[in-house]
Structures are given as structure tokens and as C-alpha cells.
Amino acid sequence: MSLVRRAAPDDAAELLRLRQVMIDSMPGSDPATDWHAESLPALRERLTSDDDFGAFVVDHPERPGALAALVVGTVDYRIGKAENPRGKAGFVFSVATDPDARRRGYARACMEELLQWFRERGAGQVLLTASPDAEPLYASLGFTRKPDPMMGLSL
């Protein structure tokens, strides 16, 4: 039996906690957590009813009610191209493991489950942004660096 399960609406607060762990690990990140309260209802709704939103978790083995790891991704449509003619793409945007649960294979197990979920939805490619610490995991799963730079704009 797999340790990995699909996240449920009751996991939303723990998903936000682990997402903050990920955010806090990035240089120059904003450590504020006041946004969690505003984000919680929308996250619960996504976990309830969005077929294109996939979150997979491992329960923390030593702390009942806590999560040890999570991965979250979405499937969206982009106009096709040679390497993905159907245009369905998976995007991984949160991967985090609780600091006291690292080096147990939880992130890998969650990523493998998410990749299978992407395949089942017909995604022709999967994209993510990798930190230097996480790059070996992604490379071992078959991800390669892309030359196109990503830019962002907050609205």
C-alpha cells in the first residue's frame, strides 16, 4: 500500500503550512503567513471540485494530523507545439517536505503519483521550476533544464 494519498479539503491548512516551508527555503522570500487565512477557502474549494488541480501528500508518521510531504500541480491547455501537439501541460508548483521528515523518499513518492495523475489527464509535458537542492530529484525522474527563461508579473 502506498504512503501517498490524494489531499482532501481537510488537509488545506497543512498544505499551506508546507507550502510556507517551501517558500521560506527560497532566498529573499517573504516570511509572512497572514495570507494563509485568505487563501484557505479557495484551496479547500479546489481540493473539493477542481479536476485539473492535483495535490498528493504523505501523512507525517510521528505527528498525527500533520503532513510530511506534498506535491501540487495543475493541468492546463496551451496551444499545441511540436513537443506537445495536444497542448495539455502539467505544471508542478509546490513540492515540500517537513524538515523533520526529509530523506525518506516522500517527495519522490508524491512526485511519481503526480506524474501518473498528469499522464491520466493526457498531459503531453510537465513543467516546473527547480531549486538547486531539488534538481537532482527532478533529474532522476527525467526532467531536463530548458533554455527558455520564465518571467512573472503580479497583478
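Above this text sits the structure in question.
Chemist: Got a sec to walk through the overall build of the chain? Specific residues and values, please.
Modeler: Within the chain, the regular secondary structure consists of 4 helices and 5 strands. Along the chain, helices and strands appear, N-terminal first, in the series β-α-α-β-β-β-α-β-α. What you see for the chain is a C-alpha radius of gyration of 16 Å, in line with the 15 Å of a compact globule of 155 residues. Expressed as lengths along the three principal axes of its C-alpha atoms, the size of the chain is roughly 45 × 40 × 35 Å. Looking at the chain residue by residue over its 155 residues, the buried ones come to 39%. Here the contacts in the chain between residues at least 6 apart in sequence split such that 64% fall between residues at least 24 apart. Accessible surface computed for the chain: about 9700 Å², of which carbon and sulfur atoms make up 54%.

Chemist: Mind laying out the side chain of Glu14, listing which residues take part and the relevant values?
Modeler: Along the chain, Glu14 turns up in helix H1 (residues 12–24). The residues touching Glu14, leaving out its near neighbours within four places in the chain, are Gly65, Ala66 and Leu67.

Chemist: Run through the sheet that holds strand E4 (residues 88–97), naming residues and quoting values.
Modeler: Reading across the sheet, the 5 strands line up as E1-E2-E3-E4-E5 and stay open at both edges, with mixed pairing between neighbours. In this open sheet, the two strands that pair with only one neighbour each are strand E1 (4–6) and strand E5 (125–128). Going from strand to strand, the sheet's axes swing by 25 degrees on average, the running direction of each strand aside. As defined by bridge partners, E4 adjoins E5 across 4 bridges and the pair is classed as parallel. Residue Val92 lies in a different strand from E5, and its bridge partner there is Leu128. Its contacts with the sheet put helix H3 (residues 106–120) on E1, strand E2 (53–59), strand E3 (67–77), E4 and E5, and the angle it makes with E3 is roughly 25 degrees.

Chemist: Please set out the layout of surface pockets residue by residue, giving values where relevant.
Modeler: If you add up the space inside the largest pocket, you get close to 1000 Å³. Taken together, 32 residues form the lining of the largest pocket, with Met22, Val95, Ser131, Ala134 and Tyr138 sitting closest to its centre. A class-by-class count of the residues in the lining of the largest pocket yields 20 nonpolar, 6 polar and 6 charged. In this structure, the second largest pocket occupies an estimated 830 Å³ of space. Every residue lining the second largest pocket is counted, 26 residues in all, and those nearest its centre are Val126, Leu127, Leu128, Thr144 and Lys146. Those elements that place two or more of their residues in the lining of the second largest pocket are H3, E5 and helix H4 (135–140).

Parameters at a glance
- Residues numbered from 1 in each chain as written.
- Predicted model: local features only at pLDDT ≥ 70, side-chain atom pairs only at ≥ 80, totals over all residues.
- Heavy atoms only, no water.
- Helix = DSSP H or I, 4+ residues; strand = E, 2+ residues; numbered from the N terminus.
- Rg over C-alpha atoms; globule rule 2.2 N^0.38 Å.
- Buried < 20%, exposed > 50% of the residue type's maximum accessible area, 1.4 Å probe, protein only.
- Contact = heavy atoms within 4.5 Å.
- Areas by Shrake-Rupley, 256 points an atom, 1.4 Å probe, with all protein chains shown as cover.
- Pairing = 2+ DSSP bridges.
- Axes fitted to C-alpha atoms, helices over the stretch in contact; angles between N-to-C directions.
- 1 Å grid on protein atoms, 1.4 Å probe; cavity = no way out; pocket = protein on both sides within 12 Å on 5 of 7 lines; lining within 4 Å.
- Points joined across faces, edges and corners; volume = space filled by probe spheres on them.
- Nonpolar A, V, L, I, M, F, W, Y, C, P; charged D, E, K, R; others polar.

Keep in mind that these numbers describe shape and distance, not what the molecule does.
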